[in-house]
Amino acid sequence: MARAIRVYKTPAIVLRQRKLGDADKIITLYSANYGKIDAVAKGVRRPRSRLAGHVEPLSHATYLLARGRNLDIITQAETIESFQALRDDLDRLGPALYAAELLDRFTELRSENFALYRLLLDAMRRLASGGDIGAPLRFYEMALLDALGFRPELRACVTCRSRLEPVTNYWSPPAGGVVCPSCLSGETSVRPLSVSALKVLRALQDGPYAEAARIAVGPDLAERLERAMRDYVRFVLEQDVRSAAFMDAVRRSARRAAVAGRPASPTEDS
């Protein structure tokens, strides 16, 4: 009988970390080759740890891991992309953490899916590029939902199955997509969905990203799209996404700071 390989190597993105004992941390990775992995970074909380800079959330690195009885152990790491630009900009850090948290919440350990690894990596690179924030995040949400079997219906009414007309329709996460005006009676937890909003959602769903990102989206429409997608994600997960609250806090702080004429600090909301 062939012996199982004790040591393995894989590129991965750090989704989150949590303390373990006095000096260690459990690092949740989403890897290219093995899906989501929980692994121990031993001694990483000590000042001279060589691993510390490689296991921060959002780091993209190549990890060498040894299989353990309960948790694998990170023995070496080499950073590929630190995504420092995301850490240095609160407006981009929140969305990046949100993207990482979504993948963590939606996936189980050791379920290999290279497409999801690539999806998160692409989203982080787009967020770090300095361009628009909304388009990369909305595209990521839609593609993640699609890949995991939660694709919302945007072409036909989810109730009567008739083709959606270019009028104000209604967004219904519990129903799984869009409800036409004729079927609105009796529906709960719905939001009006304008023709423009539906057009953008379809472009995000059908891809490719380059085409969807070219659509001009004003602040009001961007806010409605964010609210719609967040409602859908919350319904599917049956819980709130913690990093979404961080994004909201950063925006509230920025608005107050703009009025007061001083730098923003999201800690004011904590």
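Here, every reference points to the structure presented above.
Everything quoted here is computed from the prediction, not taken from an experiment.

Draft legend 1. Layout of the state of the cysteines. This model, assessed by the stated rule, comprises zero disulfides. Between Cys 160, a free cysteine, and Cys 183, which holds the nearest cysteine sulfur, the sulfur-to-sulfur gap is 3.7 Å.

Draft legend 2. Spatial organisation of the environment of Pro 152. Along the chain, Pro 152 falls in the loop between helix 4 (134-147) and strand 6 (169-172). Each C-alpha atom, one on Pro 152 and one on Gly 176, is 5.3 Å from the other, the two residues being 24 residues apart in sequence. Residues within four places of Pro 152 in sequence aside, it is in contact with Met 142, Trp 171, Gly 176, Gly 177, Gln 205 and Tyr 232.

Draft legend 3. Spotlight on the side chain of Asp 38. On the secondary structure map, Asp 38 appears in strand 3 (residues 35-41). Accessibility expressed as a relative area gives 15% for Asp 38, which makes it buried. Separated by 3.2 Å, the side chains of Asp 38 and Arg 18 make a polar contact. Within polar-contact distance, the side chain of Asp 38 engages the side chain of Thr 28 at 2.7 Å. Every residue in contact with Asp 38, bar those within four places of it in the chain, is listed here: Arg 18, Ile 26, Ile 27, Thr 28, Leu 71, Asp 72 and Leu 109.

Draft legend 4. Region of the structure containing the pairing of strand 6. In terms of strand pairing, strand 6 meets strand 8 (residues 191-193) through three bridges, oriented antiparallel. Note that in strand 8 the partner of Asn 169 across the bridge is Leu 193. Across three bridges, the pairing between strand 6 and strand 7 (residues 177-179) is antiparallel. Following the sheet pairing, Trp 171 is matched in strand 7 by Val 178. If you look at the hairpin formed by strand 6 and strand 7, you'll find four residues sitting between the two strands, and Gly 176 has a positive phi there, around 95°.

Reading guide: rules and limits
Residues numbered from 1 in each chain as written. Predicted model: local features only at pLDDT ≥ 70, side-chain atom pairs only at ≥ 80, totals over all residues. Heavy atoms only, no water. Disulfide = S-S within 2.5 Å. Helix = DSSP H or I, 4+ residues; strand = E, 2+ residues; numbered from the N terminus. Contact = heavy atoms within 4.5 Å. Buried < 20%, exposed > 50% of the residue type's maximum accessible area, 1.4 Å probe, protein only. Polar contact = N/O pair within 3.5 Å; in protein donor to acceptor, adjacent residues only side chain to side chain. Pairing = 2+ DSSP bridges.

Distances and angles like these do not, on their own, reveal function.
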